[in-house]
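# Analysis of the macromolecular model
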Amino acid sequence: MKDGFVKVASCTPNVKVADTDYNIGKIYEQLCEADRMGAKVIVFPELCITAYTCQDLFFQDTLLDSAMKSLAELVAKSSDIQAMFIVGCPVRFEGKLYNCAVVIQHGEILGIIPKTSLPNYNEFYEARHFSPYIGRVGTLDLSVYGLDKIPFGQRVFVCTDMPEIIVGVEICEDLWTADPVSNYLAKAGCTIICNLSASDEVIGKDTYRRQLVQNQSARLVCGYIYSSAGDGESTQDMVFSGHDLIAENGIILSESKLFENGIITSEIDVSKLVFERRKITSFPPLKSMDFITRGEFTLPVTDTKLTRYFSKTPFIPSDKTERDKRCDLILQMQSHGLKKRLEHTGSKAAVLGISGGLDSCLALLVCVKAMDLLKRPHSDIVAVTMPCFGTTKRTRSNAEILCTELGVTFREVDITKSVLQHFEDIGHNPDDHSVVFENGQARERTKILMDIANQVSGFVVGTGDLSELALGWATYNGDHMSMYGVNASIPKTLVRYLVGYYADTCNSSKLSEVLNDILDTPVSPELLPTDDSATEVTQKTEDLVGPYELHDFFLYNGIRWGYPPKKVKRIAMYAFGDDYNEEEITKWLRTFYRRFFAQQFKRSCLPDGAKVGSVTLSPRGDWRMPSDASGVLWQI
């Protein structure tokens, strides 16, 4: 439970229809196994104590009395289990029968929650046997079965040890209706919603069910545990598959295979959910509702062993089909944003620096797509290479080949003399390779681009990416500045995939070849002197600021989701444990936060740039931070 992670489980036991003794035995077996696995909230299917498909046997007191006796036995047997668990059981209350979820912990029933929406169509005839819950809150006396008086009605459960954990329950059809019960549970503060279900299987229903759970967890910014009845319920015309799901804010964390009764587990990050709800101004504040009461439960705060998946590249879908769709959409968004700016300003040309590196390569590809949208020739793009002390033949050659293949206007302006003259003007020794030596070149390049833009009645397209902005890895009023930054919300790890996607889908083998060589070239500012004949890059950015795959991971989890540094470190060690040791992760995490706070002043005056994802650092909306904020609290 530390760091906000709560291990949860969805269970589908083997059952026999109407055999309550057998059923609680199987429920207890899975309960003990899920508890050994560390689960703190455990959910079982709808009416699992009797089985869901008892039909008119639900009219028989023999079955109903046996269900309550078996429930009492299960409560007593589970008194040593710390986890909260929820089972389905038919319950008589004030002369009516209800399809209920029974919430149990430490040998005590915390509440009995009746089902609100009853299906009465096709093969389902619940309304024949059960009454719908209409919002009344009461107390059920089960002392005849050796149980206490128990709250009856819709109820949410707040963990006193970790108040971010608030558990609510709905039952099967309650989710499938036009006005799901979980909507109200979320408004009442629930971060984890449990669904006890008996959903029969027909062709295509598993996809619909998965989407329903996934979408509801996204709409409500919650964790969602869905437990469905297994094949032991199959009778007459219905077949059940035991389709269990665990979702969090639109992401399926764990899913069972159909027709394999068992247990699935994962960790729901409730602190992440609470963080996101605070940020979303349209998410309603907590609301008290007369038909929803509140109860409390306790859970010891312990370390939760992580088993859920954390992507090393959170900005990039793992599925190739989805990744290709994402790349295509991003390129469209970038190019349409640039198209609009070109139209609005009436610019006759787009001017950018082309280095033979990844960022300028992507920016050039976006410019080409924008000109295609405008039905203008690629020659309206002026790509300028500006070799100096650190330029290698490889990058210079790649830049020229790229421009030739794309049919853009290519210009070369050697800045060596002008930079040396500048050093002489300000009294800087060219043998002193300090920041003055490097930034002098960057600013000279930007000045040339701006002046060429004036020459051709165009404007400068920026090439810097999101990762560089996060680290402040840009020369103020150098490559930091442009009239429109097409890569401003593209992290470095994603830049690679966008260029790779273009290489794979273009119709030119020579263009694809040069793009792939650019992909193989180490990221470098090429500002430190190198031999005139050098073909390989020697000044490598990642040797100086750290691996971009780590920094993008830190950016996504530390800034987008607001994880504290210790939590970022924990999940980084979990995700990258085979690639970096703890010392390396700690070192680069400290570097990330130190640079992130020290360099905010650069982000406070960024040019416009297309927003393509949920993580951007634009000072005009997505990230508003004082330029002089102290980062001491974020150092570990």
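Everything numeric in this text was worked out from a predicted model, so none of it was measured.

Further remarks concern the nonpolar core. Within the largest apolar cluster, 86 residues are counted, with the highest numbers of intra-cluster contacts made by Leu338, Leu364, Leu402, Leu515, Phe554, Leu555 and Phe592. Counting residues per element, this core draws most heavily on helix 9 (residues 358-374), which supplies 12 residues. Apart from the residues within four sequence positions on either side, Leu364 is in contact with Leu352, Ile354, Ile381, Ala383, Leu402, Cys403, Leu406 and Val408. Judged by nonpolar contacts, the second largest core, of 53 residues, contains Phe157, Leu185, Leu273 and Leu299.

In this section: the environment of Phe5. With respect to the helices and strands, the residue Phe5 is situated in strand 1 (residues 5-11). In sequence terms Phe5 and Glu267 are 262 residues apart; their C-alpha atoms lie 5.6 Å from each other. For Phe5, the residues in contact, after removing those within four places along its chain, are Glu267, Ile268, Asp269, Thr304, Leu306, Arg308, Phe310, Lys567, Arg570 and Ile571.

Another point: the sheet that holds strand 22 (residues 484-485). Strand order across the open sheet formed by five strands is 20-19-18-21-22, with parallel pairing between neighbours. The open sheet has two edge strands, strand 20 (409-412) and strand 22, and neither has a second partner. In the sheet, strand 18 (residues 349-353) pairs with strand 21 (residues 458-462) via three bridges, with the strands oriented parallel. By the bridge assignment, Ala350 is partnered in strand 21 with Phe459. Contacting strand 18, strand 21 and strand 22, helix 8 (residues 320-345) runs over the sheet at an angle of about 160° to strand 21. The sheet strands contacting helix 10 (residues 393-406) are strand 19 (381-385) and strand 20, and the helix crosses strand 20 at an angle near 155°.

This part covers the sheet that holds strand 11 (residues 166-171). The sheet built from seven strands is open, its strands ordered 15-14-13-12-11-10-17 with mixed pairing. Each edge of the sheet is formed by a strand with only one pairing partner; in this case those strands are strand 15 (251-255) and strand 17 (293-297). Going from strand to strand, the sheet's axes swing by 20° on average, the running direction of each strand aside. The pairing of strand 10 (residues 155-159) with strand 17 spans five bridges and is parallel. Its bridge partner being in strand 17, Val156 is matched across the sheet by Arg294. Contacts from helix 6 (residues 205-219) reach strand 13 (223-228), strand 14 (245-248) and strand 15, with the element oriented near 30° to strand 14.

Cut-offs used in this document
Residues numbered from 1 in each chain as written. Predicted model: local features only at pLDDT ≥ 70, side-chain atom pairs only at ≥ 80, totals over all residues. Heavy atoms only, no water. Core = buried A, V, L, I, M, F, W, Y, C linked by side-chain atoms within 4.5 Å. Buried < 20%, exposed > 50% of the residue type's maximum accessible area, 1.4 Å probe, protein only. Helix = DSSP H or I, 4+ residues; strand = E, 2+ residues; numbered from the N terminus. Contact = heavy atoms within 4.5 Å. Pairing = 2+ DSSP bridges. Axes fitted to C-alpha atoms, helices over the stretch in contact; angles between N-to-C directions.

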